[in-house]
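If you want the building blocks of each chain, they are given just below.
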Amino acid sequence: ELSKKNDKEIEELRELFRESDKSTAKLRELFRESDKEIKELRELFKEGDKEIKELRELFKETDKKFKETDERFKETDKKFKETDKRFKETDKRFRETDKKIKELSNLFTTQWGKLVEALVEPGAVNLFRERGIDVYYTARRIEVEDEKRRKIAEYDIVLVNDKEVVVIEVKTTVKKEDVDYFLEKLSKVREHLRSFVRDKKVYGAVAGISFDEGVDRYAYRCGLFVLRSEGGIIRIANDPDFRPRVW
């Protein structure tokens, strides 16, 4: 009976050893798997460290490129400022040149206008005398100023006798707007030229080396004398029966 009891205990011990061996085997397997996972984690850390190093290198390169780009932007901005300065200097020179051209143009126009007026005046006196307007006094370039001494009008040639006044507008080329502007001046002539036109009839005339197409007829219909150059000689283009408008 005792022997059977010992055999049973021995068998139980063997079973415990077998289970212990199984547990040990499982633990070894777990250790192996854990070791494998640790190795994999180490590899991952190595790869991660490598990627971090690569990223650091990329950041360094990117930072370098940003700095280079910033330098280029600064250089470009500097060039833009230099270019802008040159443009301003060029614009200033253009404006100065334009001003000089305008001054020369105005001088030329003024001098040329005086020349044309000088050509028109002597012939006009004789022409109007032939038309029965016996003028004996002439004036040129009469400027009219307001109370602040600002020029508001200019009358190129004024021919006068005791009863009549002929006001002549002189242009190299007479345009329709020149005629319209002259008509506006004539509407104020009694206010502007009181000393000349007092108790006198006032006639208007336009004189030019040439006329835009139809402008001479337009001036004629407006009641103006038309003086034009024919072969270098100034003539009155109105027919003998023309009756001028009186202002």
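For the structure itself, consult the block above.
Everything numeric here is computed off the predicted structure, so don't read it as measured data. (Residues numbered from 1 in each chain as written. Predicted model: local features only at pLDDT ≥ 70, side-chain atom pairs only at ≥ 80, totals over all residues. Heavy atoms only, no water.)

### Focus: the overall build of the protein chain
Where we set the bar: The way it works is that DSSP assigns letters per residue, a run of H or I at least four long becomes a helix, a run of E at least two long becomes a strand, and they are numbered from the N terminus. Throughout, exposure labels follow a simple rule: accessible area from a 1.4 Å probe, protein chains only, divided by the maximum for the residue type, with under 20% read as buried, over 50% as exposed, and the rest as partly exposed. Here, two residues are considered to be in contact whenever any of their heavy atoms come within 4.5 Å of each other. Here the accessible surface of atoms and residues is derived via Shrake-Rupley with a 1.4 Å probe, and residues count as covered only by protein chains that are part of the display.
Summing up its helical and strand segments, the protein chain has five helices and six strands in all. The helix and strand sequence of the protein chain, counted from the amino end, reads α-β-β-β-α-α-α-β-α-β-β. Burial statistics for the protein chain: of 247 residues in total, 27% are counted as buried. Partitioning the contacts of the protein chain with sequence separation of at least 6, the portion at a separation of at least 24 is 55%. Working note: accessible area of the protein chain is about 18,900 Å², and carbon and sulfur atoms make up 52% of it.

### With respect to a nonpolar patch on the surface
Rule in force here: Patch definition: residues with relative accessible area over 30% and no salt bridge; like charges joined within 9 Å; nonpolar side chains (Val, Leu, Ile, Met, Phe, Trp, Tyr) joined within 5 Å. Should a side-chain nitrogen of Lys or Arg be within 4 Å of a carboxyl oxygen of Asp or Glu, the pair is scored as a salt bridge.
Among the surface-exposed residues, Leu13, Leu16 and Phe17 lie close enough to one another that they form a single nonpolar patch of about 330 Å² accessible area. Here Phe17 lies in helix α1 (residues 2–130). Judged by its relative accessible area of 57%, Phe17 is exposed.

### Some details on the pairing of strand β4 (residues 201–211)
For clarity, the threshold we go by: Two strands make a pair as long as DSSP finds a minimum of two bridges between them. With the strands aimed away from the viewer, a crossover counts as right-handed if its path from the first strand over the helix to the second runs clockwise.
Counting buried residues along β4, eight of its eleven residues qualify, which places the element largely inside the surrounding structure. Looking at chain direction, strand β3 (residues 164–174) and β4 are connected through ten bridges and run parallel. From the neighbouring strand, Thr173 faces β4, where its bridge partner is Ser210. Handedness of the β4-helix α5 (residues 215–221)-strand β5 (residues 225–230) crossover: right-handed.

### Some words on helix α2 (residues 176–186)
Spacing of three or four residues puts side chains on the same side of an α-helix, whose turn is 3.6 residues. Counted only if it meets this: Here the arc refers to the directions that run from the helix axis out to each C-beta atom.
When we look at burial in α2, the residues that qualify are Asp178, Val179, Phe182, Leu183, Lys185 and Leu186. Seen end-on, α2 carries its buried residues on one side only, within an arc spanning 160°. Packing partners of the buried residues in α2 comprise β2 (151–160), β3, α3 (189–192), β4 and α5.

### Here we look at the pairing of β5
Two strands pair when backbone bridges link them, and β4 and β5 are joined in this way by four bridges, in the parallel orientation. Paired with Ala205 across the bridge in β5 is Phe225. Here four bridges tie β5 to strand β6 (residues 233–236), and the two strands are oriented antiparallel to one another. From the neighbouring strand, Glu230 faces β6, where its bridge partner is Ile233. Where β5 hands over to β6, the hairpin turn is made up of two residues, of which Gly231 adopts a positive phi near 65°.

### Quick word on the packing of aromatic side chains
So the rule is basically this: Here is the rule: rings of Phe, Tyr and Trp (six-membered ring for Trp) pair when centre to centre is within 6.5 Å. Planes less than 30 degrees apart are stacked, more than 60 are edge-to-face, and the remainder are tilted.
Evaluation of the coordinates by the stated rule reveals five aromatic pairs. Taken together, a centroid distance of 4.9 Å and an interplanar angle of 45° make the contact between Tyr220 and Phe242 tilted. A residue pair is termed long-range when its members are at least 10 positions apart, and Tyr220 in helix α5 and Phe242 in the segment after β6 qualify at 22 residues. Accessibility expressed as a relative area gives 29% for Tyr220, which makes it partly exposed. Under the relative-accessibility criterion, Phe242 is labelled buried at 7%. Between the aromatic rings of Phe225 and Phe242, the centroid separation amounts to 5.3 Å while the plane-to-plane angle is 70°, which identifies the pairing as edge-to-face. Taken as a pair, Phe225 in strand β5 and Phe242 in the segment after β6 lie far apart in primary sequence, 17 residues in all.

### Looking at the sheet that holds β4
Using the following cut-off: The axes used here are C-alpha line fits, helices contributing only the stretch in contact, and every angle between their N-to-C directions lies in the interval 0 to 180 degrees.
The six strands are arranged β1-β2-β3-β4-β5-β6 in an open sheet whose pairing can be described as mixed. The sheet terminates laterally at β1 (137–145) and β6, the two strands that pair on one side only. The mean inter-strand angle of the sheet, taken between neighbouring strand axes irrespective of direction, is 30°. Looking at chain direction, β2 and β3 are connected through four bridges and run antiparallel. Across the sheet, Leu159 pairs through a bridge with Val166, a residue of β3. The strands that α2 touches are β2, β3 and β4; relative to β3, the one it contacts most, it runs at about 155°.

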